[in-house]
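# Residue-level structure breakdown
Spelled out from the first residue to the last, the chains are:
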Amino acid sequence: MTSESLKTPLPPFKQTFLQTLLQSKILTFGTFTLKSGRESPYFFNAGLFNTGSLLTSLGAAYANTIHTSTSLPPFDVVFGPAYKGIPLATIALAKLYELAPERYAEVGYAFDRKEVKDHGEGGRMVGMGLKGKRVLVVDDVITAGTAIRGAVSAIEEAGGTVVGIVVALDRMERIGGASAEERKGSAIMEVRKEMGVEVLAILNLDELIVGVTDGGERGRMLEYREKYGAVEE
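Since this is a predicted model, take the numbers as computed values, not measurements.

### What to know about the side chain of D170
Of note, D170 is situated in strand β7 (residues 161-170). In terms of polar contacts, D170 uses its side chain to reach the backbone amide nitrogen of M172, at 2.9 Å.

Dropping the structure here:
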């Protein structure tokens, strides 16, 4: 991260979202041992988006990220992988409709079941049919990429084509950790390269560093970024 990028302010919707994360303690600072074995100076708990106001704030942030993007192609369906992605996709689409009803009125939403339903309408998918549709996937994070690959496979099996992925946070750190061989790229970089689609985040680590005003917290995140930051291969 360059000194110039530290001077670039966040767009208003990102700054508003960051303030919500801090006030609600969804984003906290300290010392946290991650699954990778690394000690992180910050922790993002997406499970705490558990009230109407917080979920609405999250949906608005997704919608603004999607609507203002110049790199996402058109899409027909917003898809949320079970289970956490289900409310994310529905609230994101509702907020997209509020932003631009003429553009998103006919966009559908869908999600998958963990198990195939063998009664009633049956099947694995719920919502708009995916056959022949361009699908935008919305989820909370991409950690190792396993879950998102499963969702993409399910969409393709249903006849859809994934054209983009949007998550809440990109930690921008390389894959690996204390018990695994580290690679240079992040999970998001690998998914982007492997699937050939755009992967966006509402916020990434560089933007957290820009938006956080506490100098000590910012310094610790900069050190973490320097030590574990991913680089394009």
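### Looking at the packing of helix α6 (residues 146-157) against helix α7 (residues 187-195)
Packing of α6 against α7 leaves a shortest axis separation of 10 Å and a crossing angle of 25°. On the basis of their axis angle, the class for α6 and α7 is roughly parallel. Both α6 and α7 take part in a crossing whose hand is right-handed. Of the residues in α7, those in contact with I148, R149 and V152 of α6 are E190, V191, E194 and M195. For the contact of α6 with α7, the class distribution of residues is four nonpolar, no polar and three charged.

### Considerations on the pairing of β7
The buried count for β7 comes to nine of 10 residues, which makes it a mostly enclosed element. The pairing of strand β6 (residues 134-138) with β7 spans five bridges and is classified as parallel. Note that in β7 the partner of L136 across the bridge is G164. The parallel pair β6 and β7, bridged by α6, forms a crossover whose chirality is right-handed. Bridge analysis of β7 against strand β8 (residues 198-204) gives six bridges, and the strand direction is parallel. Bridge pairing in β8 links L169 to L203.

Calculation notes
In every chain, residue numbers begin from 1 and rise along the written sequence. With the structure being a predicted model, the display of local features is reserved for residues of pLDDT at least 70 and the display and counting of side-chain atom pairs for 80 or more, all residues being used for whole-chain, interface and lining totals. Hydrogens and waters are ignored; side-chain quantities use all the structure's heavy atoms. Numbering of helices and strands runs from the N terminus, with a helix taken as a DSSP run of H or I at least four residues long and a strand as a DSSP run of E at least two residues long. The term polar contact refers here to a pair of N or O atoms within 3.5 Å; inside protein, the definition further demands a hydrogen-donor-capable atom paired with an acceptor-capable atom, and it admits residues adjacent in sequence only when both atoms are side-chain atoms. All axes are obtained by fitting lines to C-alpha atoms, using only the stretch in contact for helices, and the reported angles, taken between N-to-C directions, cover 0 to 180 degrees. Comment on the angle field: the value is read as roughly parallel under 35 degrees, roughly antiparallel over 145, roughly perpendicular from 65 to 115, and oblique elsewhere. By convention the crossing between two helices is left-handed if the near helix lies anticlockwise of the far one by an angle smaller than a right angle, and right-handed if it lies clockwise. Should any heavy atoms of two residues lie within 4.5 Å, those residues are counted as being in contact. Under the scheme applied, nonpolar residues are Ala, Val, Leu, Ile, Met, Phe, Trp, Tyr, Cys and Pro; charged residues are Asp, Glu, Lys and Arg; polar residues are all the others, including Gly. Whether a residue is buried, partly exposed or exposed follows from its accessible area with a 1.4 Å probe, protein chains only, as a fraction of its type maximum: under 20%, in between, or over 50%, in that order. Two strands form a pair only when DSSP identifies at least two bridges running between them. A crossover counts as right-handed when, viewed with the strands pointing away from the observer, the path leading from the first strand over the helix to the second turns clockwise.

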